[in-house]
Amino acid sequence: GAVVSQHPSWVICKSGTSVKIECRSLDFQATTMFWYRQFPKQSLMLMATSNEGSKATYEQGVEKDKFLINHASLTLSTLTVTSAHPEDSSFYICSASGLAPMSYEQYFGPGTRLTVT
Amino acid sequence: QKEVEQNSGPLSVPEGAIASLNCTYSDRGSQSFFWYRQYSGKSPELIMFIYSNGDKEDGRFTAQLNKASQYVSLLIRDSQPSDSATYLCAVSGNQFYFGTGTSLTVIP
């Protein structure tokens, strides 16, 4: 149980275009979803936290107009990187937590590797 | 002070030895404690969680929690080369915090 999927697993896009990444909880209701970014050989960096039906809460230094997060249902959250630039190239990972007794744990998706050329 | 602190390593142990990974946290109100394993290029996977003081064993893994000392550790017995990864400590209270991870290498 507690499976989280992400799509796509990797994407290459041109500078200036937008990319949408989907995160789905397959076998539980994800009341909260988290979006992380990880650069090579660095630790996870939390970008934002979203609760179903509410606006996402962004971490300091993360541009909310550039990284659009939508958590419209209990099984789906999307991250859209708008006007992507090469410095946005990174490994984007979502995680989800559900209702009790799962509310304390985060389950991670497999990640999406974004390369902006 | 960071919410969760880990020694970044790298930690190297020979195959078959016990690997000991340590983590301290600052929020005394923290209630739940997790260990995640992350292989290079992959996302983290949950391997252990612990809520109560003491030890919790799962196969070759033992998580130890001492809330008075604000300390949580992970022991890996009979370490295998496949255990080579970065181990992330995470703490949950009002918020969820990750440590920066400890890189473990098990030498055959």
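Residues numbered from 1 in each chain as written. Chains lettered and ligands numbered in written order. Predicted model: local features only at pLDDT ≥ 70, side-chain atom pairs only at ≥ 80, totals over all residues. Heavy atoms only, no water.

> When you look at the overall build of chain A in this model, what are you seeing that I'm missing?
For chain A, the helix and strand inventory stands at zero helices and 11 strands. Along chain A, helices and strands appear, N-terminal first, in the series β-β-β-β-β-β-β-β-β-β-β. If one aligns the C-alpha atoms of chain A with their principal axes, the spans along those axes are about 40 × 25 × 25 Å. Across the 117 residues in chain A, those meeting the buried criterion constitute 47%. For chain A, long-range pairs separated by at least 24 residues make up 56% of all intrachain contacts whose partners lie at least 6 apart in sequence. Within the structure as shown, chain A displays about 5900 Å² of accessible surface, and the carbon and sulfur contribution to it stands at 53%. (Helix = DSSP H or I, 4+ residues; strand = E, 2+ residues; numbered from the N terminus. Buried < 20%, exposed > 50% of the residue type's maximum accessible area, 1.4 Å probe, protein only. Contact = heavy atoms within 4.5 Å. Areas by Shrake-Rupley, 256 points an atom, 1.4 Å probe, with all protein chains shown as cover.)

> What should I look at first to understand the overall build of chain B in this one?
Scanning chain B from terminus to terminus reveals zero helices and 11 strands. Reading the helices (α) and strands (β) of chain B from amino to carboxyl end gives β-β-β-β-β-β-β-β-β-β-β. Since a compact globule built from 108 residues should have a radius of gyration of about 13 Å, the 13 Å found for chain B is in line with a globular shape. Based on the C-alpha atoms only, the size of chain B along its principal axes is roughly 40 × 30 × 20 Å. Split into buried and exposed, the 108 residues of chain B put 42% on the buried side. For chain B, the share of sequence-separated contacts (at least 6 apart) that also reach a separation of at least 24 residues comes to 53%. For chain B, the accessible area works out to roughly 5200 Å², and carbon and sulfur atoms hold 46% of it. Each charge sign in chain B was given a centre, from 8 positive and 10 negative side chains, and these centres are 3 Å apart. (Rg over C-alpha atoms; globule rule 2.2 N^0.38 Å. Lys, Arg positive; Asp, Glu negative; His and termini not counted. Charge placed at Lys NZ, Arg CZ, Asp CG, Glu CD.)

> Just checking my understanding: could you explain the state of the cysteines for this structure?
Per the stated rule, a full pass over the model turns up two disulfides over all chains. The disulfide bridge from A:Cys23 ends at A:Cys94, spanning 2.0 Å between sulfur atoms. Judged by the torsion about the S-S bond (80 degrees), the A:Cys23/A:Cys94 disulfide is right-handed. You can see A:Cys23 sitting in strand β3 (residues 19–25) and its partner A:Cys94 sitting in strand β9 (residues 90–98), a full 71 residues away along the chain. Per residue, the accessibility class of A:Cys23 equals that of A:Cys94, and both read buried. At a sulfur-sulfur separation of 2.0 Å, the disulfide partner of B:Cys23 is B:Cys89. Judged by the sign of its S-S torsion, about -70 degrees, the bond between B:Cys23 and B:Cys89 is left-handed. Remark: B:Cys89 occurs in strand β9 (residues 85–92) and B:Cys23 occurs in strand β3 (residues 19–25); sequence separation between them is 66 residues. Accessibility expressed as a relative area gives 1% for B:Cys23, which makes it buried. Summary of cysteine pairing: A:Cys13 is not part of a disulfide, and the nearest cysteine sulfur, belonging to A:Cys94, is at 18 Å. (Disulfide = S-S within 2.5 Å.)

> Help me out: how do you make sense of the sheet that holds β3(B) in this one?
Either a parallel or an antiparallel arrangement is found when strands of a sheet pair, and the pairing is made through backbone hydrogen bonds. All names here are of chain B. Taking strand neighbours across the sheet as the criterion, the five strands line up as β1-β3-β8-β7-β6 in an open arrangement whose pairing is antiparallel. With partners counted over all chains shown, the strands left at the sheet margins are β1 (4–6) and β6 (54–58), one partner each. Looking at each pair of strands side by side, their axes are set apart by 20 degrees on average, direction ignored. (Pairing = 2+ DSSP bridges. Axes fitted to C-alpha atoms, helices over the stretch in contact; angles between N-to-C directions.)

> When you look at the pattern of salt bridges in this model, what are you seeing that I'm missing?
Where charged atoms of side chains with opposite charge meet at close range, the side chains can pair. For the structure on display, the rule yields five salt bridges over all chains. Notably, a salt bridge pairs A:Lys66 with A:Asp88, separated by 2.9 Å at the nearest N-O pair. Of this pair, A:Lys66 sits in the loop between β6 (57–58) and β7 (67–73) while A:Asp88 sits in the loop between β8 (76–81) and β9, and the two are 22 residues apart along the sequence. This pair shows no difference in class: A:Lys66 is buried, exactly as A:Asp88 is. For the salt bridge of B:Glu57 with B:Arg77, the shortest nitrogen-to-oxygen distance reads 3.4 Å. Linking B:Glu57 in strand β6 with B:Arg77 in the loop between β8 (71–76) and β9, this pair joins segments that are 20 residues apart in sequence. (Salt bridge = Lys/Arg side-chain N within 4 Å of Asp/Glu carboxyl O.)

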